[in-house]
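The lines below spell out each chain.
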Amino acid sequence: MSDTDTVLRELRGAQKPSKGVSIYSRYINRPAGRLLAAGAFRLGLTPNQVTLISAAFTFAAISAVALGEPTWKLGVLVYAGLVIGFAFDSADGQLARLTGRGGPDGEWLDHVVDCAKMILVHSAVLISFHRFGGVPGEGWLLLPLGFLFVAVLTFCAGLLREQLGRAAGGPAPAGGAPASRARAVALLPADYGVFCLVFLLLGAPGAFRAGYAVLAAVHAAFLVAFLAKWFRELRALRAG
């Protein structure tokens, strides 16, 4: 068995639980991240360096959305950059668990990059709408702002749920029952990897606008459901 096969086997053994993870992340992004983590291990990269590689791909793709005129070619390039960045985002944590070199600095850096990614991607869509006339009226410029609000609130509320739950001595949100295939499928519309797909429609402004609006509505619905769930969980911890 090769060294790479050994590393991949160890990475699979150090995988995070699958509960609360969509089918895309479970079967596409995490396995891709595992291959990248194995390559990074062989190159001697640190988890923080992998995080910065993720940020480089992601921010380059986001910059292209804001600066480049929407075309089919640009859409493919943006999608590729975002998806590769997402896979490296999975690889950094897997590499940290494999090498034992993770720490609060790495977790902080990972969250900072994730937060910046959420803010910038919707800001880039807003800039693109404004610069290249991808909307039929100015009211559509509120759509990226609304999506941005939903994304940031979901991110911050989820982190608070995790941290406050730990402080209260309760389980993390992903703990408990085994992963459910039905739940993994249900979470698919809210997965970042699925969100990236909409950029393949950049060459057709109307289709991109419609797809982006549908995803915004779906993420808003998930936010309402998540907020209610997390509130109940934290309230139960207090009662316990």
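Residues numbered from 1 in each chain as written. Predicted model: local features only at pLDDT ≥ 70, side-chain atom pairs only at ≥ 80, totals over all residues. Heavy atoms only, no water.

A. Broad picture of the overall build of the chain. The helix and strand inventory of the chain stands at nine helices and zero strands. Sequence-ordered secondary structure for the chain, helices as α and strands as β, is α-α-α-α-α-α-α-α-α. Within the chain, the fraction of its 240 residues that count as buried is 39%. Accessible surface, the chain: about 12,300 Å² in total, of which carbon and sulfur atoms supply 68%. (Helix = DSSP H or I, 4+ residues; strand = E, 2+ residues; numbered from the N terminus. Buried < 20%, exposed > 50% of the residue type's maximum accessible area, 1.4 Å probe, protein only. Areas by Shrake-Rupley, 256 points an atom, 1.4 Å probe, with all protein chains shown as cover.)

B. Just the packing of helix 3 (residues 47-67) against helix 4 (residues 72-99), in detail. Across the interface, helix 3 lies against helix 4 with an axial gap of 8 Å and an inter-helix angle of 165°. Our classification of the angle between helix 3 and helix 4 gives roughly antiparallel. Between helix 3 and helix 4 lies a crossing of left-handed hand. Its residues assigned to classes, the contact of helix 3 with helix 4 shows 16 nonpolar, six polar and two charged. (Axes fitted to C-alpha atoms, helices over the stretch in contact; angles between N-to-C directions. Parallel < 35°, antiparallel > 145°, perpendicular 65-115°, else oblique. Left-handed = near helix turned anticlockwise from the far one by under 90°. Nonpolar A, V, L, I, M, F, W, Y, C, P; charged D, E, K, R; others polar.)

C. Structural detail: the environment of Leu145. For Leu145, the position within the fold is in helix 6 (residues 142-167). Its relative accessible area of 43% is what places Leu145 among the partly exposed residues. Taking the C-alpha atoms as reference points, Leu145 and Ser123, 22 residues apart in sequence, are found 7.5 Å from one another.

D. Fine view of the pattern of salt bridges. Enumeration over the complete set of coordinates arrives at five salt bridges. One salt bridge connects Lys117 with Asp114, and the closest N-O pair in it is separated by 3.6 Å. With Lys117 and Asp114 both in helix 5 (residues 104-132), this residue pair falls three residues apart, about one helical turn. Grouping residues by exposure puts Lys117 and Asp114 together as buried. Between Glu233 and Lys229 there is a salt bridge, with the nearest N and O atoms lying 2.6 Å from each other. Note that Glu233 and Lys229 are positioned in helix 9 (residues 205-239) at a spacing of four residues, about one turn of the helix. (Salt bridge = Lys/Arg side-chain N within 4 Å of Asp/Glu carboxyl O.)

E. Examining the packing of aromatic side chains more closely. The full count for this structure, using the stated rule, is 14 aromatic pairs. Ring centres of Phe129 and Tyr212 lie 6.3 Å apart, and the angle between their planes is 85°; on these two criteria the pair is classed as edge-to-face. You can see Phe129 sitting in helix 5 and its partner Tyr212 sitting in helix 9, a full 83 residues away along the chain. Relative accessible area serves as the criterion here: at 5%, Phe129 is assigned to the buried category. A relative accessible area of 0% places Tyr212 in the buried class. Taken together, the aromatic side chains of Tyr24, Phe86, Phe129, Phe147, Tyr192, Phe195, Phe199, Phe208 and Tyr212 make up a single cluster linked through ring pairs. Geometry around Tyr192 places Lys117 over its ring, the cationic atom sitting 4.2 Å from the centre. Above the face of the Trp140 ring, Arg209 is positioned so that its terminal group lies 5.2 Å from the ring centre. (Phe/Tyr/Trp six-rings, centres within 6.5 Å; stacked < 30°, edge-to-face > 60°. Lys NZ or Arg CZ within 6 Å of the ring centre and 35° of its normal.)

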